[in-house]
Amino acid sequence: MAEVGRVRVCDPGALLPGGFWAAVAVWLEKPQVVNKRLSGARLEARGSAALPRAEVCRPGPSAGLEQERRGPRQGSAEGDPGPGLGPERSPTAGGPEQAQAPLLAGDPGPPVRTGRAVDLGSLWGRLSRSLADGSPEVLAFLSGPGARSPPEAPQQLDLALRTVIPKRSTRCPLSAPGREVVVQDVPNGTVTFLPLEENEDGHLEVKMNNVYQIQLSRSKEEWFISVLIFCPERWHSDGVIYPNPTWLGEELLARLAKWSVESKKSEFKSTLSLISILRYSQVYQELKEKYKEMVKVWPEVTDPEKFVYEDVAIAAYLLILWEEERAQRGVTTKQSFVDLGCGNGLLVHILCSEGHPGRGIDVRRRKIWDLYGPQTQLEVAADREAHRALGAEAKGVSEACTAAHGAETPAVELWLPGFHPREKAEPVRNCASLPRDFIDQVVLQVANLLLGGKKLHTGSSQEGVLKTWNGGESLSLMEVARELDRETLQRLKRECGGLQTLLRNSHQVFEVLNGRVHLRDWRRELQREKPPEAKRSLSSEAFKTRICWFFTHHPDGCVLPSACCPFAHGPGELRPPQASKKKRQAP
């Protein structure tokens, strides 16, 4: 036995020990929130059992010792966590799924084979008998060292049988879901995970090399959470269901410690609890493989992987939910739908391709719509037109209800009060439509801030050899914003990106990097192998088509001589911009 992690938990809100069991419940029921390689877990059965005292062989009092001693259970040892360690009941015990009769470890019951339905009482009876005969030290490990239960009291345990469901991917072809018996000893503050595997006879037995335990203890008014591994030298990590011991002792332990002292009770039910996680994982992977080519041909400027796989996930959820709804109602006709504000229309395309009749409506057409084909119905309609279309459908439903029940049904309100859908023409808000004098004013004000308000005289000779040039300082965007007046800031906030976008657009003057602004030094720009993206390339066609800002406004003038500067040093050097190739080729 080895302790792979131990952390002290500060409990100013006096949430322990109840908070510890709430944190354990998260890891038990939703392990995917910590282990991103899992889709989730399915709890198949819960119950309680009495572990006969005669079958227990207690290890030594110190967690982490490699040597163990066998013997009858001892009384409370030094370092006893003290009374009140466990709540009256574990949050995972009881409930409608709890066994109707006590699950006695001494009753082996009939042979238990792997399958969807497992009798937890028979399974635990067989497992505990097998452990008592061959590995009694595992039974001692269940309650951890220093258990405070009196010798004459039978040891009550809370049991849960869960299936851990991993994510499926082509890069990591996954083994079958793994089953575990989770044993909670609430009075002693331990929860032990016993992984199961099939033996030669097809029966389930404990996989001894991957047994681990999470333990809550108290010493000198301080709380500690530890992770212990029963047989660390035989631990087998598959990187998915069974992470390495370091991950358990660091990542998992840190999350449990954080959750234990957080008050995060929620009255909302998880949406994934409405469907089978295993089924969702299967359908999601099938759809992902089926529609992955959309990533390669994505014509929009948005991130293809984000939008494609996000819509695949939504489609997988809806398909399973609708499938279960049809089964409950005993119908075979697939549900229809309308996606108002469908955007790129991919969700509509997937649902239609999977046999659900429907359509999508949006205020403007997207490039990707042309790739879907005629079976995907996508419409461009202003919000008022869409209101009228849906209103007609709602009116039809209302009239049908009136004819059926003989009473007029109330009118259907399509939108919440105060909601105003966006207009068909999307305004440009990238600071490009701001008045030129306003932009110039902000640029001068920010440049003056970077120069510290200094008004230095130009140091250039007639030959353009610069003696000195003030490059200014670097300021954060927040520091710059503090110096701007309220009206200017409000005007910039109405634009996408605000101040940062305006400064990035003024790439001749400023360079914005990692949230900080400084004046652009064109000596460095010309020395770089690749010019910045905003400047692209200094082609001959774009050379000296604009006045050099530094030549006009900087107190030291331009850092470059006129022959090297891509911008005009005075109106006499200006060249008219040449027409684009498309315009030149036009008849």
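Residues numbered from 1 in each chain as written. Predicted model: local features only at pLDDT ≥ 70, side-chain atom pairs only at ≥ 80, totals over all residues. Heavy atoms only, no water.

Under the annotation held in an unreviewed UniProt entry, the chain carries the name tRNA (uracil-O(2)-)-methyltransferase and is attributed to Marmota monax. UniProt's Subcellular location (unreviewed entry) comment on the chain is quoted here verbatim: "Cytoplasm". Of the comments in the UniProt record for the chain, the one headed Sequence similarities (unreviewed entry) reads "Belongs to the TRM44 family." (UniProt positions renumbered as here; feature names shortened; annotations may be inferred.)

The subject of this paragraph is the overall build of the chain. Helices and strands together make up the secondary structure of the chain, namely 16 helices and 15 strands. A burial count over the chain gives 44% of its 587 residues as buried. Considering only intrachain contacts with a sequence separation of at least 6, the fraction spanning at least 24 residues in the chain is 66%. Counting only carbon and sulfur atoms, one obtains 52% of the accessible surface of the chain, whose full area is about 32600 Å². (Helix = DSSP H or I, 4+ residues; strand = E, 2+ residues; numbered from the N terminus. Buried < 20%, exposed > 50% of the residue type's maximum accessible area, 1.4 Å probe, protein only. Contact = heavy atoms within 4.5 Å. Areas by Shrake-Rupley, 256 points an atom, 1.4 Å probe, with all protein chains shown as cover.)

Once that is clear, we can look at the sheet that holds strand β12 (residues 377-380). Judged by pairing direction, the sheet is parallel, and its 3 strands sit side by side in the order β10-β11-β12 without closing on themselves. Edge positions in the sheet fall to β10 (337-340) and β12, since each has one partner strand and no second. When strand polarity is set aside, the average angle formed by the axes of neighbouring strands in this sheet is 20°. Relative to β12, strand β11 (residues 358-362) runs parallel, the two being bridged by 4 bridges. Counted as the bridge partner of Gly360 is Leu378 from β12. Of the strands in this sheet, β10, β11 and β12 touch helix α8 (residues 346-353), which is tilted by about 170° from β10. (Pairing = 2+ DSSP bridges. Axes fitted to C-alpha atoms, helices over the stretch in contact; angles between N-to-C directions.)

Moving on, we get to the confidence of the model for the chain. Chain-level pLDDT for the chain is 76 on average; 68% of the residues reach the 70-or-more range. Summarising per-element confidence for the chain, the mean pLDDT is lowest in strand β3 (residues 103-104) (33) and highest in α8 (95). Between residues 54-116, whose pLDDT stays under 50, and residues either more than four places distant or in other chains, the model counts 154 contacts. Under a pLDDT of 50 for its full length, residues 147-151 has, in the predicted model, 17 contacts with residues more than four places off or in other chains. (pLDDT = per-residue confidence, 0-100.)

On to the side chain of Asp11, then. Assignment of secondary structure puts Asp11 in the loop between β1 (2-9) and α1 (18-29). Within the buried core, Asp11 has no salt-bridge partner, and the shortest N-O distance to an opposite charge, that of Arg218, equals 7.2 Å. Apart from residues lying up to four places away in sequence, Asp11 is in contact with Leu16, Trp223 and Val261. (Lys, Arg positive; Asp, Glu negative; His and termini not counted. Salt bridge = Lys/Arg side-chain N within 4 Å of Asp/Glu carboxyl O.)

This part is about the packing of aromatic side chains. Tallied over the entire structure, the rule returns 10 aromatic pairs. Ring geometry for Phe20 versus Trp21: centroids 5.0 Å apart, planes at 70°, classification edge-to-face. Note on accessibility: Phe20 and Trp21 belong to one class, buried. Judged by centre distance (4.7 Å) and plane angle (5°), the rings of Phe193 and Tyr212 are stacked. Of the two residues, Phe193 is situated in strand β6 (residues 190-198) and Tyr212 in strand β8 (residues 212-219); the sequence distance between them amounts to 19 residues. Take Phe193: its relative accessible area is 0%, and that puts it in the buried class. Given the relative accessible area of 4%, Tyr212 is considered buried. Here the aromatic residues Phe193, Tyr212 and Trp235 are joined through ring pairs into a cluster of three or more. Cation over ring: Lys288 sits above Tyr309, and NZ or CZ is 4.9 Å from the ring centre. The ring of Phe307 carries Lys306 above its face, with NZ or CZ at 4.5 Å from the centroid. (Phe/Tyr/Trp six-rings, centres within 6.5 Å; stacked < 30°, edge-to-face > 60°. Lys NZ or Arg CZ within 6 Å of the ring centre and 35° of its normal.)

Moving on, we come to the sheet that holds strand β13 (residues 475-476). Read across the open sheet, the 3 strands follow the order β13-β15-β14; overall the sheet is antiparallel. The open sheet has two free edges, formed respectively by β13 and β14 (510-513), since each of these has just one partner strand. Bridge count between β13 and strand β15 (residues 516-519): 2 bridges; the pairing is antiparallel. Note that in β15 the partner of Ser476 across the bridge is Arg516.

Examined against the element boundaries, Ser260 turns out to sit in helix α4 (residues 245-260). Of the residues examined, Ser260 reaches a relative accessible area of 0% and is grouped as buried. Within the structure, the side chain of Ser260 is placed 2.6 Å from the backbone oxygen of Leu256, a separation counted as a polar contact. The contacts of Ser260, once residues within four sequence positions are left out, are Leu15, Leu16, Gly19, Phe20, Ala23 and Ile225. (Polar contact = N/O pair within 3.5 Å; in protein donor to acceptor, adjacent residues only side chain to side chain.)

Further remarks concern a negative patch on the surface. A grouping of Glu197, Glu200, Asp201 and Glu205 is seen on the molecular surface, where their side chains present a negatively charged patch. Along the chain, the position of Glu200 falls in the loop between β6 and β7 (204-206). Look at Glu200 and you get exposed, because its relative accessible area is 84%. (Patch = residues over 30% accessible without salt bridge, like charges linked within 9 Å, V, L, I, M, F, W, Y side chains within 5 Å. Charge placed at Lys NZ, Arg CZ, Asp CG, Glu CD.)

It is worth spelling out helix α13 (residues 498-505) at this point. Residues of α13 that are buried include every one of Gly498, Leu499, Thr501, Leu502 and Leu503, and no others. Buried positions along α13 lie against α10 (436-450), α11 (477-482), α12 (486-493), β14 and β15.

This part covers helix α2 (residues 120-134). The end-to-end C-alpha separation of α2 is 21 Å, in line with the 21 Å expected for 15 residues at 1.5 Å each. Restricting attention to buried positions, one finds in α2 the residues Leu120, Gly121, Ser122, Leu123, Trp124, Gly125, Leu127, Ser128, Leu131 and Ala132. At the N-terminal end of α2, a side-chain oxygen is found 3.1 Å from the backbone nitrogen of Gly121, two or three residues along, and the residue is Asp119. (Expected span 1.5 Å × (residues − 1).)

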